[in-house]
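Descriptive analysis of the structure
Spelled out, the chains give:
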Amino acid sequence: MASSSLVPMLPLLLLLVCPDVAVSAAAPVGASCYTRLFSFGDSITDAGNLASLLPNIFVMAPPYGETFFGRPTGRFCDGRLIVDFIAEALRLPFLAPYLTGRTANDFQQGVNFAVASATALRQDFFRDMGLNLTTLTPYSLEVQLEWFKRVLHLLGPTEQERKDIMSRSLFLMGEIGANDYNYPFFQNRSFTAEIKPLVPKVVQKIESAVKVLIGLGAKTIVVPGNVPMGCIPRYLAKFRSSNPGDYDAAGCLRWLNDFAELHNRALKRVLEQIPRDPTTVTVIYGDYYGAILDITRNPPKHGFTNLAACCGDGGPYNSGSLYPCNATSIVCPDPSKRISWDGIHYTEAVYRFVARGVLDGPYAAPSPILSKCRC
């Protein structure tokens, strides 16, 4: 037992051993790690920004939101997203979507800038490619960063206040970039000539965004990679093959997963090369690909069934069209047993698994998010 004379010094000793953590005997793990959370990205992270612009969008009708919220919230999911589970782990409230906020009070503990259908590259790039832009929003990663700069100045009028905000906040940079490939894929563009060459351009945009945040004073940034595209029901339905060799043991299309890995390797390479002081700045690679592939390769081990979407319009993967989930869709009785929610997005159960892997490991490198929050 510790001597009673040492008890008053324990908080100081803990702080010396674990300087990244503000010590509080009563605070739960994660409570004092970060004071704010800021997120960027697309529909994997959007908690209502696109819905605020398009209130009649399909995600604002059942069965979206049925699992946790009991109502649609603008999330492309049956319940919570990865960013929601990260916020919960950090004892922060669910982030306010940027487009629904008005004053600094709305953003005191963070903001969600992600917009469904957003891309890393600017909308102009895809216009120049000749793509149909009907469903492609103009709220690219660059636009989201400009939104963040406005909020930063709103929250911190002085330079010192802004430095304090940046140093004590966690930044979730995506997932972003999947839509840069989705749009040309779903508009039947050439994989070899048009889609594959996009990888260095997309990765460069993500790299630039990370550098902007570091330049503004960010100390901890999580950058997720792409997901296993070859296991997504909509892709499986669109690119069905009669050649068994095109599929892996889990039933995923090998060539699409190889492409996702190509993106992820390029992303990890540039993240490792970004100039920074490793003693003060941490850039964490979020291995969404590895986490979801783990589930897909052994669904029963993790409590899941098969690759078919929970909510859809029939067919082998219950994903016969791009947006198959609505009030008249075929909906599985238990979304927590399915990997895919609507053929493109995942269920809350999958997002929980991925979030835990990034928060506690092993799906984060060089270290999981909460490693900075405990001794």
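Just so we're clear, the structure is a prediction, and the values are computed from it rather than from any experiment.

1. Some points on the overall build of the protein chain
Counting its regular elements, the protein chain contains 13 helices and nine strands. Rg of the C-alpha trace for the protein chain: 21 Å, near the compact-globule value of 21 Å for 375 residues, within the 12% margin. Each of the 375 residues in the protein chain was classed as buried or not, and the buried ones make up 54%. Of the contacts made within the protein chain by residues no fewer than 6 positions apart, 70% connect residues no fewer than 24 positions apart. In the form shown here, the protein chain has an accessible surface area of approximately 15900 Å², with 55% of it arising from carbon and sulfur atoms. Taking the average place of the 35 positive charges on the side chains of the protein chain and the average place of its 32 negative ones, the gap between the two points comes to 1 Å.

2. Here we look at the environment of Phe-239
Mapped onto the elements, Phe-239 comes out in the loop between α10 (233-238) and α11 (254-273). Overall, the relative accessible area of 21% leaves Phe-239 in the partly exposed class. Residues Phe-239 and Pro-333, 94 residues apart in the sequence, show an inter-C-alpha distance of 27 Å. Residue contacts for Phe-239: discarding those within four places in its chain leaves Phe-185, Tyr-247, Leu-253, Trp-255 and Leu-256.

3. Thoughts on the packing of helix α5 (residues 141-155) against helix α9 (residues 199-216)
With their axes 10 Å apart at the nearest point, α5 and α9 run at an angle of 10° to one another. The angle between the axes of α5 and α9 places the two elements in the roughly parallel class. Two packed elements cross with a definite hand, and for α5 against α9 that hand is right-handed. Contacts between α5 and α9 pair Leu-141, Glu-142, Leu-145, Phe-148 and Lys-149 from the former with Lys-205, Ile-206, Ala-209, Val-212, Leu-213 and Leu-216 from the latter. Partitioning the contact of α5 with α9 into residue classes produces eight nonpolar, no polar and three charged.

4. Side note on the nonpolar core
In terms of nonpolar packing, the biggest core is built from 119 residues, with Phe-38, Phe-40 and Met-173 touching the most fellow members. Ranked by residue count, the leading element in this core is α9, at eight residues. What Phe-40 contacts, discounting residues up to four positions off in sequence, is Thr-45, Phe-113, Ala-114, Leu-141, Gln-144, Leu-145, Phe-148, Phe-171, Leu-172, Met-173, Gly-174 and Leu-213.

5. Quick look at helix α7 (residues 178-186)
By the criterion of burial, α7 is predominantly enclosed, with eight of the nine residues buried. Taken residue by residue, α7 has Ala-178, Asn-179, Asp-180, Tyr-181, Asn-182, Tyr-183, Pro-184 and Phe-185 as its buried positions. Following α7 by one or two positions, Asn-188 adopts a phi angle in the positive range, close to 60°.

6. What to know about the pairing of strand β6 (residues 282-286)
Burial analysis of β6 places five of its five residues in the buried class, which makes it a mostly covered element. Burial along β6 is two-sided: the residues Thr-282, Ile-284 and Gly-286 and Val-283 and Tyr-285 are all buried. Here β6 pairs with strand β9 (residues 364-365) via two bridges, running antiparallel. Looking across to β9, one finds that Tyr-285 is bridged to Ala-365.

7. What to know about the confidence of the model for the protein chain
Of all residues in the protein chain, 91% attain a pLDDT of 70 or more, and the chain-wide mean is 91. Confidence drops under pLDDT 50 across residues 1-31; counting only partners more than four residues distant or on other chains, this segment forms 23 contacts.

8. Quick look at the pairing of strand β1 (residues 36-40)
Most of β1 sits inside the fold, with five of its five residues counted as buried. Of the two faces of β1, both are covered, the one formed by Arg-36, Phe-38 and Phe-40 as well as the one formed by Leu-37 and Ser-39. Where β1 meets strand β3 (residues 110-112), three bridges bridge the pair, whose relative direction is parallel. Bridge pairing in β3 places Phe-38 opposite Val-111.

9. Re the side chain of Asn-49
As for its placement among the helices and strands, Asn-49 is situated in helix α2 (residues 49-53). A distance of 2.9 Å separates a polar side-chain atom of Asn-49 from the backbone nitrogen of Leu-99. Dropping the residues within four chain positions of it, Asn-49 is found in contact with Pro-97, Tyr-98, Leu-99, Asn-112, Phe-113, Ala-114 and Val-115.

10. Some points on the pattern of salt bridges
All told, the structure shown has 14 salt bridges when counted by the stated rule. One salt bridge connects Glu-142 with Lys-205, and the closest N-O pair in it is separated by 2.3 Å. Residue Glu-142 is found in helix α5, and its partner Lys-205 is found in helix α9; the two are separated by 63 residues along the sequence. Linking Glu-207 and Lys-211 is a salt bridge whose minimum nitrogen-to-oxygen distance equals 3.3 Å. Of the two residues, Glu-207 and Lys-211 are both situated in helix α9; the distance of four residues between them amounts to about one turn of the helix.

Cut-off values and rules
Residues numbered from 1 in each chain as written. Predicted model: local features only at pLDDT ≥ 70, side-chain atom pairs only at ≥ 80, totals over all residues. Heavy atoms only, no water. Helix = DSSP H or I, 4+ residues; strand = E, 2+ residues; numbered from the N terminus. Rg over C-alpha atoms; globule rule 2.2 N^0.38 Å. Buried < 20%, exposed > 50% of the residue type's maximum accessible area, 1.4 Å probe, protein only. Contact = heavy atoms within 4.5 Å. Areas by Shrake-Rupley, 256 points an atom, 1.4 Å probe, with all protein chains shown as cover. Lys, Arg positive; Asp, Glu negative; His and termini not counted. Charge placed at Lys NZ, Arg CZ, Asp CG, Glu CD. Axes fitted to C-alpha atoms, helices over the stretch in contact; angles between N-to-C directions. Parallel < 35°, antiparallel > 145°, perpendicular 65-115°, else oblique. Left-handed = near helix turned anticlockwise from the far one by under 90°. Nonpolar A, V, L, I, M, F, W, Y, C, P; charged D, E, K, R; others polar. Core = buried A, V, L, I, M, F, W, Y, C linked by side-chain atoms within 4.5 Å. Pairing = 2+ DSSP bridges. pLDDT = per-residue confidence, 0-100. Polar contact = N/O pair within 3.5 Å; in protein donor to acceptor, adjacent residues only side chain to side chain. Salt bridge = Lys/Arg side-chain N within 4 Å of Asp/Glu carboxyl O.

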